[in-house]
Protein chains: 8
Amino acid sequence: MDSGFEDLGFARLDTGRKERTGFPETVFCQGKEDSFLREIFKRLYEKNGEVLGTRASAAQFEVVKAVLPEVRYDAVSRLLTIQSEEKKQTGNIIVCSAGTADIPVAQEAAGTAEFFGCRVRRIFDAGVSGLHRLLAEESVLKAADCVIAVAGMEGALPSVIGGLVSVPVIAVPTSVGYGANFGGVAALLTMINSCANGVSVVNIDNGYGAGYIASQIKRLAERGNG
Amino acid sequence: MDSGFEDLGFARLDTGRKERTGFPETVFCQGKEDSFLREIFKRLYEKNGEVLGTRASAAQFEVVKAVLPEVRYDAVSRLLTIQSEEKKQTGNIIVCSAGTADIPVAQEAAGTAEFFGCRVRRIFDAGVSGLHRLLAEESVLKAADCVIAVAGMEGALPSVIGGLVSVPVIAVPTSVGYGANFGGVAALLTMINSCANGVSVVNIDNGYGAGYIASQIKRLAERGNG
Amino acid sequence: MDSGFEDLGFARLDTGRKERTGFPETVFCQGKEDSFLREIFKRLYEKNGEVLGTRASAAQFEVVKAVLPEVRYDAVSRLLTIQSEEKKQTGNIIVCSAGTADIPVAQEAAGTAEFFGCRVRRIFDAGVSGLHRLLAEESVLKAADCVIAVAGMEGALPSVIGGLVSVPVIAVPTSVGYGANFGGVAALLTMINSCANGVSVVNIDNGYGAGYIASQIKRLAERGNG
Amino acid sequence: MDSGFEDLGFARLDTGRKERTGFPETVFCQGKEDSFLREIFKRLYEKNGEVLGTRASAAQFEVVKAVLPEVRYDAVSRLLTIQSEEKKQTGNIIVCSAGTADIPVAQEAAGTAEFFGCRVRRIFDAGVSGLHRLLAEESVLKAADCVIAVAGMEGALPSVIGGLVSVPVIAVPTSVGYGANFGGVAALLTMINSCANGVSVVNIDNGYGAGYIASQIKRLAERGNG
Amino acid sequence: MDSGFEDLGFARLDTGRKERTGFPETVFCQGKEDSFLREIFKRLYEKNGEVLGTRASAAQFEVVKAVLPEVRYDAVSRLLTIQSEEKKQTGNIIVCSAGTADIPVAQEAAGTAEFFGCRVRRIFDAGVSGLHRLLAEESVLKAADCVIAVAGMEGALPSVIGGLVSVPVIAVPTSVGYGANFGGVAALLTMINSCANGVSVVNIDNGYGAGYIASQIKRLAERGNG
Amino acid sequence: MDSGFEDLGFARLDTGRKERTGFPETVFCQGKEDSFLREIFKRLYEKNGEVLGTRASAAQFEVVKAVLPEVRYDAVSRLLTIQSEEKKQTGNIIVCSAGTADIPVAQEAAGTAEFFGCRVRRIFDAGVSGLHRLLAEESVLKAADCVIAVAGMEGALPSVIGGLVSVPVIAVPTSVGYGANFGGVAALLTMINSCANGVSVVNIDNGYGAGYIASQIKRLAERGNG
Amino acid sequence: MDSGFEDLGFARLDTGRKERTGFPETVFCQGKEDSFLREIFKRLYEKNGEVLGTRASAAQFEVVKAVLPEVRYDAVSRLLTIQSEEKKQTGNIIVCSAGTADIPVAQEAAGTAEFFGCRVRRIFDAGVSGLHRLLAEESVLKAADCVIAVAGMEGALPSVIGGLVSVPVIAVPTSVGYGANFGGVAALLTMINSCANGVSVVNIDNGYGAGYIASQIKRLAERGNG
Amino acid sequence: MDSGFEDLGFARLDTGRKERTGFPETVFCQGKEDSFLREIFKRLYEKNGEVLGTRASAAQFEVVKAVLPEVRYDAVSRLLTIQSEEKKQTGNIIVCSAGTADIPVAQEAAGTAEFFGCRVRRIFDAGVSGLHRLLAEESVLKAADCVIAVAGMEGALPSVIGGLVSVPVIAVPTSVGYGANFGGVAALLTMINSCANGVSVVNIDNGYGAGYIASQIKRLAERGNG
């Protein structure tokens with residue numbers, strides 16, 4: 001086994017990841033010191049020619065932009081990206097959110113999938129307390145390669161979608177809500193206990209993780225594994 | 001305040017309850033000793049001319065039948081009842097369950113409401129993973145005085161119903177499920193965090209409580225308060 | 001099924017809700033971006049001629065007032081309302097709170113019920129550690145169509161009221177307290193486990209939800225369902 | 001410090017406890033092997049002339065009776081006792097239970113206090129859903145040295161009593177209930193969060209502990225500390 | 001919308017599911033009454049020509065066999081199946097378990113995927129405390145369409161696999177363990193918090209759910225969505 | 001029953017409490033609005049000639065001082081008091097804390113007991129990791145009427161003291177600690193599960209509650225109940 | 001890396017473990033099927049010349065004895081062992097338990113350490129409610145290489161020992177207790193939050209794990225690492 | 001027993017600790033008042049000639065430096081130290097962290113062990129999602145006296161290391177992560193449930209505790225106990 005990493009002391013960059021998994025290492029920006037962040041972005045950009053950072057603050061955007069002016073920032077999803085303009089987006093991923101307050105997480109999922117080459121369609125504010133808003137999109141949903149369902153509060157959306165489609169539903173609980181929602185745990189439990197088939201779950205507010213898995217599935221749907 | 005109770009030593013029968021609340025005291029049979037149960041049924045029957053017992057075992061049915069031969073037992077709902085044959089059932093309560101395994105709790109709710117004079121319609125196995133099974137009953141649901149929604153697993157049913165009707169939805173989480181359902185807590189949290197209006201919640205497997213509240217609401221719907 | 005919603009991109013306004021449920025869609029203001037909030041209020045006002053917003057900040061009040069000068073704000077309940085002056089209030093809803101610190105939630109419940117056309121009577125600071133303060137109102141309580149019982153700390157108030165009245169008690173746990181109250185979870189559990197009949201529960205601090213259900217019940221008490 | 005204990009290998013009997021605390025060591029029988037139990041009872045009886053065992057099964061009663069025929073067993077409280085007949089009972093401890101199902105724990109508390117020389121008055125089935133059953137005893141409660149309040153379900157009884165009396169209330173949550181009572185945790189939290197003054201709490205179903213503390217308080221009330 | 005279900009009273013069979021989702025309705029046998037189970041199997045067999053039942057007991061096997069002699073039972077996975085002999089298995093799903101005690105859940109996953117037409121390879125007892133047992137299969141893992149990782153105790157296996165492969169990893173926590181594993185919750189949390197990309201999670205012991213999703217992914221990998 | 005309270009609208013002052021319980025109503029200041037606080041202090045001072053407020057901020061001290069210049073404030077315990085100078089302190093209450101960080105809670109307990117007429121001795125920073133610091137005070141502890149044991153972190157202090165003394169130990173868990181202390185819940189559980197006799201528990205950081213109970217016990221020790 | 005394991009299909013025996021870690025693989029017997037257990041014991045015995053099995057039932061002992069007559073079983077610790085008679089025991093490990101009911105776990109720890117070559121001294125029933133029973137052994141404790149402290153209920157023993165000795169204390173929470181002990185979680189939290197230095201914690205009832213670590217430490221104390 | 005402590009009123013300095021445990025008392029700085037902190041540092045420095053403070057803020061550093069100019073501060077680990085320059089560092093402790101965000105806790109562990117005389121090697125950012133980064137150090141790990149494994153998120157690192165080495169692994173969960181990591185509880189549970197032998201656990205973020213235990217073990221490895 002070749003080393004496959006670069007030791008910066010404070011970080012061991014997984015330079016072999018793209019080869020192993022097909023996607024380069026992503027940077028979880030939240031809580032990273034400025035000097036670390038700057039160095040990590042630079043080395044990954046040199047290595048891979050593109051970088052995706054998640055949970056970045058506006059201040060961190062400035063830190064990175066000072067050394068890599070081509071970096072872009074989306075304040076809603078908090079994604080920090082450097083990539084070639086002409087990246088082609090294919091496939092058909094749908095990101096569906098239950099409420100307006102779930103949009104930041106939904107956008108993180110959508111933006112991640114787009115970074116990894118997916119074509120994404122967004123259906124926002126289609127929660128189960130007004131089902132007709134979702135059912136109006138039934139045929140759209142049925143055509144997807146994969147559906148990402150983002151919901152806080154009671155988190156029932158993935159169960160309903162799971163009953164309508166034939167492809168995997170990636171459920172993302174959000175911390176949206178109050179009282180006995182326990183910062184998203186109630187929605188997480190709802191999704192883990194879903195009576196619908198085809199639903200699997202990622203961590204609370206982990207839009208990135210859902211976008212990553214959707215990208216894996218879309219890649220399989222396009223060309224099979226190998 | 002007149003005493004309003006009878007002290008049996010092991011129990012203080014709330015003989016004033018019917019006057020205060022409109023319904024006589026109900027007996028929670030589970031765990032009661034045979035001698036206590038027998039005595040309580042006898043005194044309440046003498047006082048009120050009818051008795052409702054919940055969570056009774058088949059053995060407890062035999063204990064009570066030995067002294068009160070007119071008692072009846074329903075093995076699914078585990079209700080033990082003595083009542084006059086001709087009790088009139090009015091109003092329109094719907095009891096809706098998500099799965100087949102939720103039927104015992106749903107029947108406890110339905111049987112309780114019937115004991116308290118309600119006409120009840122049952123819609124069983126109409127969970128959200130196959131929404132068309134519920135939507136087929138939309139007009140029936142809209143005509144109810146009150147809907148009792150019984151669900152285990154992820155417990156999403158009340159949210160969906162809450163979005164369809166204009167009357168209160170009494171949500172009953174059940175302990176049906178496995179793994180991270182925590183004996184019904186997952187369903188309870190789903191219901192408490194419901195994004196739909198008009199949903200309030202009773203304890204896990206508390207079909208009785210839901211049937212009682214539905215009866216109160218139906219009574220108000222029929223004749224107002226007073 | 002007609003579409004029944006308006007897609008703003010960031011929100012799918014449930015314009016069919018008033019027809020389905022009898023009450024128009026309410027706006028949960030907390031965390032909504034200013035531009036979203038402004039647009040949602042405008043469209044709902046155009047559609048329904050009245051709007052109720054909950055959990056609004058003083059700053060959000062200013063945002064909405066800039067485009068809809070007729071909006072009003074109550075700083076205690078945090079309700080934001082636009083409605084015709086002459087709305088008639090009927091029925092008899094009682095909102096009872098255990099402590100002074102529970103007043104904001106109690107006022108949210110009361111204000112919501114008033115918005116939906118209820119006449120409301122308030123009984124504040126009548127917790128169980130000085131029972132005489134509650135028992136002094138026993139005859140008032142007995143005359144209600146529905147009682148909303150708001151309590152933090154140990155949350156015992158609904159059980160006591162449930163034993164006194166013949167109508168539904170909507171229990172609202174609040175996050176008032178400290179230590180092992182777990183932000184209201186202790187009160188929620190107390191209420192869910194209530195030994196009194198007729199008690200159902202909404203989420204912690206969800207005064208709005210309780211006011212909504214009380215309005216449904218009052219409507220049924222006045223004219224039956226239909 | 002003299003050794004103050006006897007090492008049996010499997011147990012270090014705290015023979016100095018009576019001197020330190022005024023009461024001899026009690027035996028928690030549950031789960032003890034027969035041979036251990038027999039030996040422990042014998043040695044404590046030799047040392048102290050009396051023994052109290054808690055949570056004993058009927059089978060354990062037989063085990064001890066085989067070597068100590070004077071032992072007595074109460075099947076409800078599960079107390080196993082050897083004591084001189086003429087033990088004088090003084091003071092005024094009240095044991096109050098919320099429901100009939102709480103009686104075993106309440107009897108453990110009462111029996112323990114009696115073993116330690118207290119006069120005990122029992123008020124059973126006086127829960128808060130029918131307050132008049134408790135208020136009828138208000139003057140009796142006010143005369144106590146200490147009140148033990150035993151309750152399962154939502155556990156509201158100690159708060160109500162705490163508001164009525166001037167002496168300490170020892171609250172004992174019981175595991176009676178179902179669903180979200182979590183084996184007594186809901187009642188425990190209610191009691192720990194009590195808004196009434198003078199309420200302190202022992203473990204779920206720990207009638208023994210409450211009876212012990214009541215005995216300490218009664219002893220102080222009779223002769224002060226010393 | 002055509003009805004798409006058959007109402008048996010106790011169950012609303014989702015006869016439209018195969019059309020909507022590509023796979024027929026599965027029967028969760030656990031806790032179903034014999035008469036219900038028999039009827040449900042018969043109707044689904046008539047409708048779909050094959051049936052899959054999960055969590056079946058040996059006694060339930062006998063119940064179904066009495067009316068449908070072609071049914072088969074696997075005592076380890078507890079799957080009850082009726083299917084045509086010649087079902088072709090294609091694709092490449094790997095089911096990997098951490099310990100020997102996780103085998104029943106792993107077999108449920110494997111058997112489900114096989115029922116839905118997948119070719120499955122099993123790698124059992126390859127937990128992280130002896131990594132070489134897993135790393136020996138690295139090239140096998142890299143060739144999969146999807147990996148199902150089944151683990152109890154601390155549940156670290158999916159994270160390690162997620163770092164090695166380029167396809168989705170479906171993580172199945174099991175209830176295997178003791179003490180602070182909380183019946184599988186510890187493993188569930190480990191998996192939900194996985195630092196590896198591509199890992200999504202189903203409920204504790206839900207081998208069926210993982211096998212279902214793997215089958216969806218394999219189907220997409222073979223022929224794309226449509 | 002005479003009314004026994006004064007209705008201020010926002011509060012129902014329990015003016016009958018001193019008669020019922022021997023101590024006047026205490027004011028929980030935290031979160032009270034300035035106008036409410038000022039009014040409550042004034043009315044209680046007029047009624048009782050003394051007032052105790054807990055959890056007061058320095059700003060609240062100023063608010064009250066503006067209308068009642070005789071009020072005093074202790075910044076560590078956060079107690080706000082108005083009382084006659086010559087209040088006599090009798091009895092022997094010991095307040096023992098495990099660590100330096102527990103001092104604010106310990107002082108709240110001590111100050112409360114002093115307000116209610118107790119003589120208090122403080123033993124601070126005597127936690128179980130250096131037992132000799134506690135054992136040096138063994139004879140002092142044995143002479144107490146009641147011991148208040150205040151501890152955060154693992155909260156083991158009350159168990160050790162409970163084994164040394166013959167009087168009740170009031171255990172106060174504090175929120176001091178980090179990580180898996182869960183804001184004091186770990187210490188609370190330790191104390192509730194204490195293997196020592198004579199230990200009862202109040203809420204996390206509830207020094208006031210412990211001081212109140214100690215005062216009740218000291219009063220009983222001095223003059224019996226009556 | 002050489003394979004270092006043997007694939008039995010249902011198990012991948014970690015035959016390289018003794019070389020990597022110095023101790024051969026142990027068998028967790030609980031829940032293993034008879035045929036698996038028999039095969040695993042045989043192969044490990046052939047490979048290592050000795051085997052340790054934990055959590056074995058008496059029936060499993062018979063299963064193994066049928067093929068390996070030299071196996072021995074201790075019914076208290078539930079250890080199943082095959083080893084050469086003349087294994088030398090050196091070093092000085094102390095296993096200390098808080099109560100009599102903790103003995104099975106304490107014996108599992110002691111027996112494990114003995115299997116791995118340690119000399120073990122047992123001090124049982126020395127819990128903190130009678131500290132003199134522990135302090136009597138202070139000089140014995142100070143002479144240990146490592147102390148294993150086993151406790152249920154509130155689990156305070158390790159903190160007290162940690163304050164007395166200069167060597168590591170391995171804390172083992174047990175599931176002994178009732179009520180809010182949560183099957184040992186309360187004791188686990190106490191130990192994790194210990195204010196004493198030198199205390200680390202293993203899983204509830206994991207006597208084996210503690211014995212293993214003590215053996216590692218004793219080995220280091222004897223000959224250093226290498 | 002000689003007193004062994006110095007009573008400062010607000011603190012009882014454990015001056016006998018160095019004699020009992022081999023290491024002097026450490027100061028937990030967080031939350032200590034300036035005047036207390038200054039006094040404690042001065043007295044401990046006079047007594048022991050060196051002091052270690054943990055969780056110190058930069059402001060606290062200034063407070064101590066004003067009276068003890070020789071004090072040093074490390075802003076990452078937040079350690080405050082006074083020691084002689086020539087302290088010799090021996091042995092071989094490895095501190096391994098899973099991610100970059102875990103470095104502060106890892107440095108607290110490393111700095112503590114160095115203060116207590118250990119030679120420490122750091123391996124940072126070697127988490128299980130890129131195993132090759134850890135396996136590259138396998139021979140280094142095998143040579144350690146003790147390994148400290150620091151990890152947040154799912155906390156799987158200690159299990160993997162435990163399978164590779166023959167010495168104790170001290171596992172330190174960190175609060176790094178989000179969503180259902182519960183501030184480090186998920187990682188703590190992972191580590192407590194580790195299937196690897198030789199792993200024991202300290203509190204979340206308790207780098208100090210791990211460094212202390214590693215120092216105890218290294219001392220034993222060097223010279224045995226005594």
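1. Here we look at the packing of helix α4 (residues 103–115) of chain E against helix α9 (residues 207–223) of chain E
Residue and element names in this part refer to chain E. At their nearest, the axes of α4 and α9 sit 7 Å apart, and the two run at 35° to each other. Pair α4 / α9 crosses with right-handed handedness. Of α9, the residues touching α4 (which contributes Val 105, Glu 108, Ala 109, Thr 112 and Ala 113) are Gly 207, Tyr 208, Gly 211, Tyr 212 and Ser 215. For the contact of α4 with α9, the per-class residue count stands at five nonpolar, four polar and one charged.

2. A closer look at the domain arrangement of chain A
Residues and elements named next belong to chain A. What the domain assignment lists for chain A is domain 1 (9–83) and domain 2 (90–225). Here domain 1 and domain 2 have C-alpha centroids that lie 25 Å from each other. Taken together, the contact pairs 16 residues of domain 1 with 16 residues of domain 2. Counting every contact that joins domain 1 to domain 2 gives zero salt bridges. Taken together, domain 1 and domain 2 are joined by three residue pairs in polar contact (both at pLDDT 80 or more). Here the side of domain 1 that touches domain 2 is composed, by residue class, of seven nonpolar, seven polar and two charged.

3. Concerning unusual backbone geometry
Phi is positive for Asp 125 of chain C, which is not a glycine, with a value near 65°. One can find Asp 125 of chain C in the loop between β8 (118–123) and α5 (132–135).

4. A few points about the sheet that holds strand β6 (residues 79–82) of chain B
Sheet strands associate in pairs through backbone hydrogen bonding, adopting either a parallel or an antiparallel arrangement. The strand order β3-β4-β6-β5 (chain B) describes an open sheet built from four strands, whose pairing is mixed. Both outer strands of the open sheet, β3 (27–28) and β5 (72–74) of chain B, are each paired with one neighbouring strand and no more.

5. Things to note about the relation of the copies chain F and chain H
Turning chain F through 90° and shifting it by 0.0 Å along the axis lays it on chain H, with an RMSD of 0.0 Å. Both chain copies can therefore be described as sitting about a four-fold axis. If distances are taken from each C-alpha of chain F to the rotation axis, the shortest is found for Phe 182 of chain F, at 7.1 Å.

6. Here's the deal with the interface of chain A and chain E
By a widely used convention, the size of an interface equals the accessible area lost when the partners come together. Between chain A and chain E, the residue contacts involve 37 residues of the former and 37 residues of the latter. Carbon and sulfur atoms supply 51% of the area that chain A and chain E bury against each other, a total of about 3000 Å² over both sides. In this structure, the connection of chain A to chain E is made through zero salt bridges. Counting the contacts that link chain A with chain E gives 14 residue pairs in polar contact (both at pLDDT 80 or more). Contributions of two or more residues to the side of chain A that touches chain E are made by α1 (17–21), α6 (138–142), α8 (185–192), β11 (199–201) and α9 (207–223) of chain A. The leading source of residues in the side of chain A that touches chain E is α9 of chain A, at eight residues.

7. Some thoughts on the pairing of strand β9 (residues 146–151) of chain D
For a regular strand, the rule is simple: side chains alternate between the two faces of the sheet. Residues and elements named next belong to chain D. In terms of burial, β9 is largely enclosed, as six of its six residues are buried. On β9, burial covers both faces: Cys 146, Ile 148 and Val 150 on one face and Val 147, Ala 149 and Ala 151 on the other are all buried. The pairing of strand β7 (residues 90–97) with β9 spans five bridges and is classified as parallel. If you follow Ile 93 over to β9, its bridge partner there is Cys 146. Following the chain from β9 across helix α7 (residues 157–162) to the adjacent parallel strand β10 (residues 169–173), one finds a crossover that is right-handed.

8. Side note on helix α4 (residues 103–115) of chain B
All names here are of chain B. Between its first and last C-alpha atoms α4 spans 18 Å; for 13 residues at 1.5 Å apiece the expected length is 18 Å, and the two agree. In terms of burial, α4 is largely enclosed, as 10 of its 13 residues are buried. Of the residues making up α4, those classed as buried are Ile 103, Val 105, Ala 106, Glu 108, Ala 109, Ala 110, Gly 111, Thr 112, Ala 113 and Phe 115. Immediately beyond the C-terminal end of α4, within one or two residues, lies Gly 117, with a positive phi of roughly 95°.

9. Considering the environment of Leu 220 of chain C
Residue and element names in this part refer to chain C. Following the sequence through the fold, Leu 220 ends up in helix α9 (residues 207–223). For Leu 220, a relative accessible area of 3% gives the class buried. Taking the C-alpha atoms as reference, Leu 220 lies 32 Å from Ala 101; in sequence the two are 119 residues apart.

10. Re the pairing of strand β6 (residues 79–82) of chain H
Residues and elements named next belong to chain H. On β6, burial covers both faces: Leu 79 and Thr 81 on one face and Leu 80 and Ile 82 on the other are all buried. Pairing of strand β5 (residues 72–74) with β6, which is carried by three bridges, proceeds in the antiparallel orientation. Looking across to β6, one finds that Arg 72 is bridged to Thr 81. The hairpin formed by β5 and β6 contains four residues between the paired strands, and Arg 78 there has a positive phi angle of roughly 60°.

11. Observations concerning the arrangement of the chains
No part of chain D reaches chain E; the closest C-alpha pair between them is 14 Å apart. Nothing in chain B touches chain F, and the closest approach of their C-alpha atoms is 10 Å.

12. Re the side chain of Asn 48 of chain E
Position of Asn 48 of chain E relative to the elements: it lies in helix α2 (residues 34–48). Taking relative accessible area as the criterion, Asn 48 of chain E reaches 17% and is therefore assigned buried.

13. Quick look at the interface of chain F and chain H
On the chain H side, the residues contacting the 16 residues of chain F number 22 residues. Across the interface of chain F and chain H, roughly 1500 Å² is buried in total on both sides, 57% from carbon and sulfur atoms. A per-residue breakdown of the area chain F buries against chain H is headed by His 132, Arg 133 and Tyr 178 of chain F, which together make up 43% of the total. On inspection of chain F and its partner chain H, the count reaches one salt bridge. The closest approach of N and O atoms between Arg 12 of chain H and Glu 137 of chain F, which form a salt bridge, is 2.6 Å.

14. Some words on the sheet that holds strand β3 (residues 27–28) of chain A
Residues and elements named next belong to chain A. The four strands lie next to each other as β3-β4-β6-β5, forming an open sheet whose pairing is mixed. Each having just a single partner strand, β3 and β5 (72–74) make up the two edges of the open sheet. Relative to strand β6 (residues 79–82), strand β4 (residues 51–54) runs antiparallel, the two being bridged by three bridges. Bridge pairing in β6 links Leu 52 to Thr 81.

15. Brief notes about the relation of the copies chain A and chain E
Relative to chain E, chain A is turned by 180° and slid 0.0 Å along the rotation axis, the superposed coordinates differing by an RMSD of 0.0 Å. A rotation of that kind, with that shift, is consistent with a two-fold axis. When the interface residues of chain A are mapped onto chain E, 100% of them are again interface residues, pointing to one common binding face.

About the criteria used
Residues numbered from 1 in each chain as written. Chains lettered and ligands numbered in written order. Predicted model: local features only at pLDDT ≥ 70, side-chain atom pairs only at ≥ 80, totals over all residues. Heavy atoms only, no water. Axes fitted to C-alpha atoms, helices over the stretch in contact; angles between N-to-C directions. Helix = DSSP H or I, 4+ residues; strand = E, 2+ residues; numbered from the N terminus. Left-handed = near helix turned anticlockwise from the far one by under 90°. Contact = heavy atoms within 4.5 Å. Nonpolar A, V, L, I, M, F, W, Y, C, P; charged D, E, K, R; others polar. Domains from an automatic or database assignment. Salt bridge = Lys/Arg side-chain N within 4 Å of Asp/Glu carboxyl O. Polar contact = N/O pair within 3.5 Å; in protein donor to acceptor, adjacent residues only side chain to side chain. Pairing = 2+ DSSP bridges. Least-squares fit on C-alpha atoms with pLDDT ≥ 70 in both. Buried area = accessible area lost by both parts, 1.4 Å probe. Buried < 20%, exposed > 50% of the residue type's maximum accessible area, 1.4 Å probe, protein only. Right-handed = clockwise from strand over helix to strand, strands pointing away. Expected span 1.5 Å × (residues − 1).

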